[in-house]
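Survey of secondary and tertiary structure
Here's the letter readout for the chains.
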Amino acid sequence: MAAPAALLTLADAHGRQIVQAHVGTSAAQAAEALGLAERFLASDPAEARDPTFLLRTGAPIVASGRTVGALLVLDGGERPDLDKLEQLQDIAALAGSLVVLRDRSQAGARAEAALVHAETRRAIALEAAALASWVWDPRTGVVECDTLLPELFNMPPAATMRARDIVVAIDRRDIGKTRKIFQEALKGSDDYSGEYRIRGFDPPRWLAARGRVVERDADGRPTLVFGVNYDITERRSAEERQRLLLREINHRVKNTLATVQALATQTVRHAREPREFLDAFSQRLRALGLAHGLLSEYEWRGIGIRDLARLELSPFGDAEAQRISITGPDALLTPDQTLGLALILHELASNALKYGALSVPGGSVSVSWTVRTTTGDKHLELEWIESGGPKVTPPTHHGFGSILIRRSLAKVISSEVTHEFPAEGVRAHISMPLGETLEA
């Protein structure tokens, strides 16, 4: 346009016009000429002046329907002809398209970065939660998945799997139910939720699956299903242990009530007066309660004989002198054995305190045991030996405590109990099989 100066301005993030390029002016003059651009864009070119130049003509730069800047020709001469003005407008349109291209490129880069960040977060979340994600196309039967899914189904690593191979890997006991629930989701409910076992694992591996139909064709047939799988073996095992524990507790409560009833009946039958009954019955209930408390701490899975012996015999010990020695390898007792042996130890210790070695300062009791294995079966052999007490005279009749030791509890815990009364001190020998505990 044979003009001495020109400006290119573009708006910043706040909408303010900034000089991006200038010709024929100094930087200071270009900055002062920003008012020209603002007045031109405000449709007031007549007032567009600056100390050095007048606005000859200009063209707005438009991007996506929004005015983002201007091309200004500065000169005091005549306005250009229409052809040159159209050329200027074409240049401004080109500048606008470049701005759009730049914005789209930046938006695409931001979207791509956001997608990468989202995918990274998703992958970290899935890995932290041990979730295997998958996408299934029902039309082809192909399942795209991450590396964890084949591992959960006990298959070689792969990025894709066949849906029928996954179905075959499910334990046949759960296939029918799983197939039914999945078909209901495909037919219209969209959401799928199921749990099933995987073949080839003992104890079984349990998986949970959650899926959703996200796309259907015009006829309503599913074309895309998203979902996740995750291992719930630990949860199912805990639930099974809880069910076993509840059944065990129900069984033990019935047995305990029967034991308490028998203790009350037999104690009152052998008591000479109410006070004697109350003392004996209370002590036996206390022994039973101690064993119950210990079993509850171990969730009725059985406890070690060493813990039981220390707990039941501690009330009969002497804080200043070690009068009861307890030795032997630890062995796990079943709940029945725990309760039975607890009452036997209580009766032996109670008799020793009243009449035997613990009734005098110099007496002592040795409690020891060994575990004997014959033909694959384990037996506990326990010895109770009193020494240093008064001379023992064999009783002319047996009270309930002796009956409890020798007959009643022997039947309950399938044990053999020998109760002897040599002059040097009472002896008892208990032999019982070590059965399977709930833990085992």
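Residues numbered from 1 in each chain as written. Predicted model: local features only at pLDDT ≥ 70, side-chain atom pairs only at ≥ 80, totals over all residues. Heavy atoms only, no water.

By the naming in an unreviewed UniProt entry, the protein chain is Blue-light-activated histidine kinase, taken from Aminobacter carboxidus. According to the UniProt record, the Catalytic activity (unreviewed entry) comment for the protein chain reads "ATP + protein L-histidine = ADP + protein N-phospho-L-histidine." (UniProt positions renumbered as here; feature names shortened; annotations may be inferred.)

**Some remarks on the overall build of the protein chain**
Helix and strand counts for the protein chain stand at 11 helices and 17 strands. A burial count over the protein chain gives 37% of its 440 residues as buried. Pairs at least 24 residues apart make up 55% of the contacts formed inside the protein chain by residues separated by at least 6 positions. When the accessible area of the protein chain is evaluated, it comes to approximately 25200 Å², of which 54% is carbon and sulfur surface. (Helix = DSSP H or I, 4+ residues; strand = E, 2+ residues; numbered from the N terminus. Buried < 20%, exposed > 50% of the residue type's maximum accessible area, 1.4 Å probe, protein only. Contact = heavy atoms within 4.5 Å. Areas by Shrake-Rupley, 256 points an atom, 1.4 Å probe, with all protein chains shown as cover.)

**Observations regarding the confidence of the model for the protein chain**
With 81% of its residues at a pLDDT of 70 or more, the protein chain has an overall mean of 81. Taken element by element, the protein chain is modelled with least confidence in helix α11 (residues 400–412), mean pLDDT 58, and with most confidence in strand β7 (residues 160–162), mean pLDDT 93. (pLDDT = per-residue confidence, 0-100.)

**Re helix α9 (residues 305–313)**
Those residues of α9 that sit buried are Ile-305, Leu-308, Ala-309, Glu-312 and Leu-313. One side of α9 carries all its buried residues, which in axial view fall inside an arc of 105°. (Arc of directions from axis to C-beta.)

**Focus: the sheet that holds β7**
What links the strands of a sheet is backbone hydrogen bonding, and the strands pair in either a parallel or an antiparallel sense. Taken in spatial order, the six strands line up as β7-β6-β5-β10-β9-β8 in an open sheet, and their pairing is antiparallel. The open sheet is flanked by β7 and β8 (191–198), the only strands paired with a single partner. Pairwise comparison of adjacent strand axes, ignoring direction, gives a mean angle of 25° for this sheet. Where strand β5 (residues 131–137) meets strand β10 (residues 222–231), six bridges bridge the pair, whose relative direction is antiparallel. Bridge pairing in β10 links Leu-131 to Tyr-230. Contacts from helix α6 (residues 172–189) reach β5, β8, β9 (205–216) and β10, with the element oriented near 165° to β8. (Pairing = 2+ DSSP bridges. Axes fitted to C-alpha atoms, helices over the stretch in contact; angles between N-to-C directions.)

**Regarding the nonpolar core**
Judged by nonpolar contacts, the single largest core of 36 residues is most densely connected at Ile-305, Leu-333, Leu-341, Val-367 and Trp-384. Breaking this core down by element, the ones donating at least two residues are α8 (274–297), α9, α10 (335–354), β14 (364–374), β15 (377–387) and β17 (427–433). Formed by 24 residues, the second largest nonpolar core is a distinct cluster that contains Ala-132, Leu-149, Phe-153 and Ile-175. (Core = buried A, V, L, I, M, F, W, Y, C linked by side-chain atoms within 4.5 Å.)

**Examining the side chain of Glu-195**
Along the chain, the position of Glu-195 falls in strand β8. Separated by 2.7 Å, the side chains of Glu-195 and Arg-235 make a polar contact. A distance of 2.8 Å separates the side chain of Glu-195 from the side chain of Arg-236, its partner in a polar contact. Glu-195 has contacts with Lys-177, Thr-178, Trp-206, Leu-207, Ala-208, Arg-210, Ile-232, Arg-235 and Arg-236, leaving out every residue within four places of it along the chain. (Polar contact = N/O pair within 3.5 Å; in protein donor to acceptor, adjacent residues only side chain to side chain.)

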